[in-house]
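A closer look at the structure
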Amino acid sequence: MTHDELLYWLKETDKDKLEVLFSKADEVRKKHVGDDVHLRALVEISNHCSRQCHYCGLRAGNKDVKRYSMSKEEILACANKAASMGYGTIVMQAGEDFGLDVEWLAEVIKEIKQKTPMAVTLSLGERTKDELVLWKNAGADRYLMRFETSNAKLFKKLHPPISENAPDRIQILKTLKQIGYEVGSGVMTGIPNQSWDSLARDIELFKELNLDMIGSGPYIAHPDTPLGDDENCHCEEQSDVAISENQVPANVEIAYKLMALTRIMCPDTNIPCTTAVTVLNGELGFRTGLSCGANVLMPDFTPPEYRVLYQIYPGKGQNKTCVENDADVRQLIMDSGRTVGTGQGASPNMGKHK
Ligand code: SAM
Ligand code: SF4
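In this text, all values refer to a predicted model and were calculated from it rather than measured experimentally. (Residues numbered from 1 in each chain as written. Chains lettered and ligands numbered in written order. Predicted model: local features only at pLDDT ≥ 70, side-chain atom pairs only at ≥ 80, totals over all residues. Heavy atoms only, no water.)

**Observations concerning the overall build of the protein chain**
Here is the rule: Secondary structure counts use DSSP, requiring at least four H or I residues in a row for a helix and at least two E residues in a row for a strand, with both numbered from the N terminus. Only C-alpha atoms enter the radius of gyration; for comparison, a globular chain is expected to reach 2.2 Å times N to the power 0.38, where N is the number of residues. Working definition: with a 1.4 Å probe on protein chains only, accessible area under 20% of the residue-type maximum means buried, over 50% means exposed, and in between means partly exposed. Note on definitions: a residue-residue contact is assigned when non-hydrogen atoms from the two residues lie within 4.5 Å. In these tables, accessible area is a Shrake-Rupley quantity obtained with a 1.4 Å probe, and a residue counts as shielded only by the protein chains included in the view. For the charge count, each Lys or Arg is scored as positive and each Asp or Glu as negative, with His and the chain ends excluded. A charge is said to be at NZ when it belongs to Lys, at CZ for Arg, at CG for Asp and at CD for Glu.
A count of helices and strands for the protein chain gives 13 helices and ten strands. For 354 residues, the compact-globule estimate of 2.2 N^0.38 gives 20 Å, and the protein chain sits close to it at 19 Å. For the protein chain, the residues scored as buried account for 58% of the 354 residues in total. If you take every contact in the protein chain between residues at least 6 apart in sequence, the share linking residues at least 24 apart comes to 79%. Working note: accessible area of the protein chain is about 14700 Å², and carbon and sulfur atoms make up 52% of it. The average position of the 41 basic charges and that of the 50 acidic charges among the side chains of the protein chain differ by 5 Å.

Encoded structure:
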């Protein structure tokens, strides 16, 4: 699709026309990645974060968050549970926690790989090449890190860099590929000042980066952040980014359109129906996501006492896609005419570029 075609579909609101787009995405999904829906066990191992992202409730500046770090035993218990329930992948996610001992995490990865047949995915933010290599050598298979928006100026504004020379997320994604990870990224839709044009560009960048996994979701305002706090909104300060009618709205319809266009543009990639979609649109969010290109779901395996503290945005902790609802999730997949994936569910895209 051309840039103009992407723009056209992103802005389209006619339900009948969108049905055509969603059917096309579903057809491409079936042809390239089949009917399996892969389940990933998401474990949020720490909510400590040293960054100041203007959109996220875990930002260092939010002093109202009670911080936690899971112990090795707690993480291994989650991993064993997931493996015993037939999950093929564990995803360990955290804030950018520089208190997290890199050698300790390497041991955790090694132990999961020795004791379970699962693939290990990491989502720990921007880390050095040495750390990423260490974890790869310990057995980690995949790494997820959204570039959030392709508008570099907007990203810098919303995600203040640690230092002027720090590598940006795009550079780190390229490094991850070189190291040999299966690499995932994605964006938030509807962040203040995100224009239609930059969202279309995001999809083109997915393709250019040859990503193996692409997970995007709607932005949900958190009141204890600079972006979510209306009185402190920084939106009007930028002149070259979106305003009014050029602003992408933060609703689930945009997320569905983005999922469908991503599937058509990057047919062999793994695409999750992300948590934010299900938080905004519940079970229907799931079903719709699966019908417009998604082939992955990530139920939350974080122990409930920690899950409620991992409040990236309001409602995140009450998400119904979790280990306690595993049977419902599987039923929903089957009711959607799909099958529950077995094994690690690696990205067919990775197989191709290998
Ligand atoms: N710290 C790591 C990082 O930033 O890549 C991983 C954890 S971070 C909480 C995971 C993702 O949450 C981010 O990439 C961002 O897209 C998403 N996120 C953060 N705040 C959000 C919000 N208010 N609404 C929707 N998604 C949000
Ligand atoms: Fe930290 Fe990630 Fe949240 Fe940014 S998005 S504040 S890096 S947890």
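**A short note on the pattern of salt bridges**
What counts is decided by this rule: One speaks of a salt bridge when a side-chain nitrogen belonging to Lys or Arg is within 4 Å of a carboxyl oxygen belonging to Asp or Glu.
Applying the stated criterion across every chain yields a total of 24 salt bridges. Note that E96 and R51 form a salt bridge whose closest N and O atoms lie 2.8 Å from each other. You can see E96 sitting in the loop between β2 (89–94) and α4 (102–115) and its partner R51 sitting in the loop between β1 (36–46) and α3 (72–84), a full 45 residues away along the chain. Its relative accessible area of 3% is what places E96 among the buried residues. When its relative accessible area of 4% is taken as the criterion, R51 is described as buried. Salt-bridge contacts for D300 lead to R307; the nearest nitrogen and oxygen are separated by 4.0 Å. For D300, a relative accessible area of 3% puts it in the buried group. Overlapping salt bridges, with partners in common, bring together E44, D300, R307, K316 and E324 in one network.

**Some points on the site of ligand 2**
Here is the rule: Note on definitions. A residue lies near a molecule or strand when any single heavy atom of the residue is within 4 Å of it. The residue classification treats Ala, Val, Leu, Ile, Met, Phe, Trp, Tyr, Cys and Pro as nonpolar and Asp, Glu, Lys and Arg as charged. All others, Gly included, are polar.
Taken together, C49, R51, C53, Y55, C56, R59 and G95 make up all the residues around ligand 2. When its residues are assigned to classes, the shell around ligand 2 shows four nonpolar, one polar and two charged.

**Overview of the packing of helix α1 (residues 3–11) against helix α9 (residues 252–265)**
For the record, the criterion: Note on definitions: angles span 0 to 180 degrees between N-to-C directions of axes, and those axes are lines fitted to C-alpha atoms, for helices only across the stretch in contact. Note that the term roughly parallel is reserved for angles under 35 degrees, roughly antiparallel for angles over 145, roughly perpendicular for angles of 65 to 115, and oblique for everything else. For any pair of crossing helices, the crossing counts as left-handed if the nearer helix is rotated counterclockwise from the farther one by less than a right angle, and right-handed if it is rotated clockwise.
At a minimum axis separation of 9 Å, α1 and α9 run at an interaxial angle of 150°. On the basis of the axis angle, α1 is roughly antiparallel to α9. In this structure, α1 crosses over α9, and the sense of that crossing is right-handed. Side by side, α1 and α9 meet where L6, W9, L10 and K11 of the first sit next to I254, K257, L261 and M265 of the second. Looking at side-chain class alone, the contact of α1 with α9 contains six nonpolar, no polar and two charged residues.

**So, the packing of aromatic side chains**
Put simply, the test is: Centres within 6.5 Å are what make two rings of Phe, Tyr or Trp a pair, Trp counting through its six-membered ring; a difference in plane orientation under 30 degrees is then read as stacked, over 60 as edge-to-face, and the rest as tilted.
Counting across every chain of the model gives five aromatic pairs. Look at F147 and F206: their rings are 5.6 Å apart centre to centre, the planes differ by 50°, and that puts the pair in the tilted class. Here F147 is found in the loop between β4 (142–144) and α6 (152–158), whereas its partner F206 is found in helix α8 (residues 196–208), with 59 residues between them in sequence. The exposure classification of F147 matches that of F206, with both residues buried.

**Details of the site of ligand 1**
Counted only if it meets this: A 3.5 Å cut-off defines polar contacts: any pair of N or O atoms within that distance qualifies, except that in protein one atom must be a possible hydrogen donor and the other a possible acceptor, and neighbouring residues in sequence count only when both atoms are side-chain atoms.
By nearness alone, 18 residues border ligand 1, and Y55, R146, E148, I220 and I312 come closest of all. Here an oxygen atom of ligand 1 sits 2.8 Å away from a polar atom, N or O, in the side chain of R146. Residue E148 places a side-chain N or O atom 2.6 Å away from an oxygen atom belonging to ligand 1. For ligand 1, the accessible surface in isolation is 550 Å², of which the surrounding protein chains cover 93%. For the shell around ligand 1, a count of residues per class yields ten nonpolar, four polar and four charged.

**With respect to the environment of G61**
Within the secondary structure, G61 is located in the loop between β1 and α3. With relative accessibility at 35%, the residue G61 sits in the partly exposed group. Separated by 163 residues in the primary sequence, G61 and D224 place their C-alpha atoms 9.2 Å from one another.

**What to know about the nonpolar core**
Selection rule: Definition used in this section: a nonpolar core is a set of buried Ala, Val, Leu, Ile, Met, Phe, Trp, Tyr and Cys residues joined via side-chain atoms within 4.5 Å.
Counting 97 residues, the largest nonpolar core has M92, L105, I112, L122, W135 and Y181 as its most contacted members. Broken down by element, the residue count for this core peaks at ten residues, all from α9. The next biggest cluster of nonpolar side chains, apart from the first, holds six residues, and it includes V91, L144, M213 and M298.

**Describing unusual backbone geometry**
One non-glycine residue, N193, lies in positive phi territory at about 80°. Its place among the elements puts N193 in the loop between β6 (188–189) and α8. One non-glycine residue, N210, lies in the positive phi region at around 50°. Here N210 lies in the loop between α8 and β7 (213–214). With a relative accessible area of 31%, N210 lands in the partly exposed category.

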